[in-house]
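Understanding the architecture of this molecule
Now for the letters of each chain:
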Amino acid sequence: MAPKLLRSRCLSFSGPPETHAPDYLPDAVVEIRDGFITSVQSAADFSTAGHNLDHCEDLRDCLLLPGFIDAHIHFPQLHILASFGTQLMDWLDSYAFPAETKFADRDYAEAQAEPFLQAMFAAGTTCAAAFTSVHPHSTDVLMQAAHASGMRLIAGKVLMNRHAPPELLDGKDLGLPASRQLIERWHGSGRLQYAVTPRFAVTSTPQQLAGAGQLAVDFPGVYVHSHLSENPGEIAEVAKLFPDASSYADVYDRFGLLTPRSLYAHGIHLSDEERNLLAERGSTVVFCPTSNLFLGSGLLEINRFQNQKLAVATDVGGGTSYSLLTTLAEGYKVCQLNGLSWSPFAALYAATLGNARALDLGDVIGRIAPGYEADLIALKTDTIPVLDNRVAHASSLEEELFACIMLGDERCVARTWVNGNVVMER
Ligand code: GUN
Ligand code: ZN
């Protein structure tokens, strides 16, 4: 197939901006073949090498970025974001569990898969780690839809066997054979990978957590995806349920659930010992600022995670936006309240290559560079007049990007490519 040639401004990161200058080309040609980026060069070099710039699609009014990576999101919660008035434990009972109960109907779940993916593509998200529901078919329908779109997705069936409505609980087999079958069906199939997904320590017995840990041993390479230390009420409940554990993080560690491929959403109230334990195990904490503010959970101090793996995510539907731009803007405000100014380069690195590295996919996605999978977005500011006006008065790339983060959202994602194909265009 003939390559695609895109001519645009182009920005990506080869490492954290504190140590690696951003890769920025004000006039670049990006070549895409068979779903991969095959070359990135300045338009001048492209032309000097004898190529005809007229063969490129002209996107010079856009900024190309790697597609955003959402390190924690819930498929069955697409209808409950922005639900009023509660904190975590009541919010689960009042909104999340009833929404997830509807996913018992396979047809209903199937009908939600495409809108869920489209909401992510519209926001410029090209890869995600997603909770499904406790029903195995909810993982099947989401994996099928992601496969059809070409999206890179990490997902898994939720494991719960206590402290949730009876119709959402795994039975005597603890949901383990179904998880095993799903891993065999989906893990490593094309761009799909599986995450063993115990919801959180509150909703699993020790037996179920032990079974989840065993799955991570039996299937090296699968992810572990859960929640940790989000809300004081939750933490008190975990301490009651696991009196022998020395901490919340220790509960997961006892069952082999702190692996280098473990993703733990929130981690707001972790002690230094817990953070050190996570660092030793190579596990990732996922910063979910819109959710943490919306549910009143607290302000994650990201400067405490300097030598540890930290990712960033929307956590829809506790989170209130599919947009990683909006998520970074709220993240900036959380950091401000902790006495830290999160630079726009650091924030955009986090949402792209930083998250890719946290997911152990840093050689595959998260950069616009030869050999990387062609998951891209084109940002354009003229759909938001206030932003467009602000950007017109920016005197540096950094100032422009900060305005895009603070004032932008899905409206300024003009186009999204997944695996080299356009999946959304505004
Ligand atoms: N802790 C356990 N389940 C959930 C959930 O669905 N959302 C959030 N934000 N936290 C949780
Ligand atoms: Zn969550």
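Residues numbered from 1 in each chain as written. Chains lettered and ligands numbered in written order. Predicted model: local features only at pLDDT ≥ 70, side-chain atom pairs only at ≥ 80, totals over all residues. Heavy atoms only, no water.

Turning to helix H6 (residues 206-218), a few remarks are in order. The end-to-end C-alpha separation of H6 is 18 Å, in line with the 18 Å expected for 13 residues at 1.5 Å each. Among the residues making up H6, those that are buried are Gln208, Leu209, Gly211, Ala212, Gly213, Leu215 and Ala216. Where H6 is buried, its residues touch strand S8 (158-159), helix H5 (176-186), strand S9 (192-198), strand S10 (223-228) and helix H8 (248-254). (Helix = DSSP H or I, 4+ residues; strand = E, 2+ residues; numbered from the N terminus. Expected span 1.5 Å × (residues − 1). Buried < 20%, exposed > 50% of the residue type's maximum accessible area, 1.4 Å probe, protein only. Contact = heavy atoms within 4.5 Å.)

Glancing now at the pattern of salt bridges. Summed over all chains, the structure comprises 27 salt bridges. Between Arg191 and Glu373 there is a salt bridge whose closest N-O contact spans 2.4 Å. With Arg191 in the loop between H5 and S9 and Glu373 in the loop between helix H12 (344-358) and strand S14 (376-379), the pair connects residues that are 182 residues apart, well separated along the chain. Like Glu373, Arg191 is buried. When salt bridges with common partners are traced through the structure, they connect Arg152, Arg191, Glu373 and Asp375 into a single cluster. (Salt bridge = Lys/Arg side-chain N within 4 Å of Asp/Glu carboxyl O.)

Now for the coordination of the zinc ion (ligand 2). At this site the zinc ion (ligand 2) is bound by His72 (NE2), His74 (NE2), His227 (NE2) and Asp315 (OD), with donor distances of 2.0 to 2.2 Å. Metal-centred angles of 90 to 166 degrees between the four donor atoms at the zinc ion (ligand 2) mark the site as irregular. Read in sequence order, the donor residues for the zinc ion (ligand 2) give the motif H-x1-H-x152-H-x87-D. Pair noted here: His72 is in strand S5 (residues 68-74) and His227 is in strand S10, with a separation of 155 residues, a long-range link. When sorted by exposure, His72 lands in the same class as His227, which is buried. (Donors = N, O, S within 2.8 Å, 3.2 Å for Na, K, Ca; no water. Tetrahedral: all angles 85-135°; square planar, octahedral: opposite > 155°, others 65-115°.)

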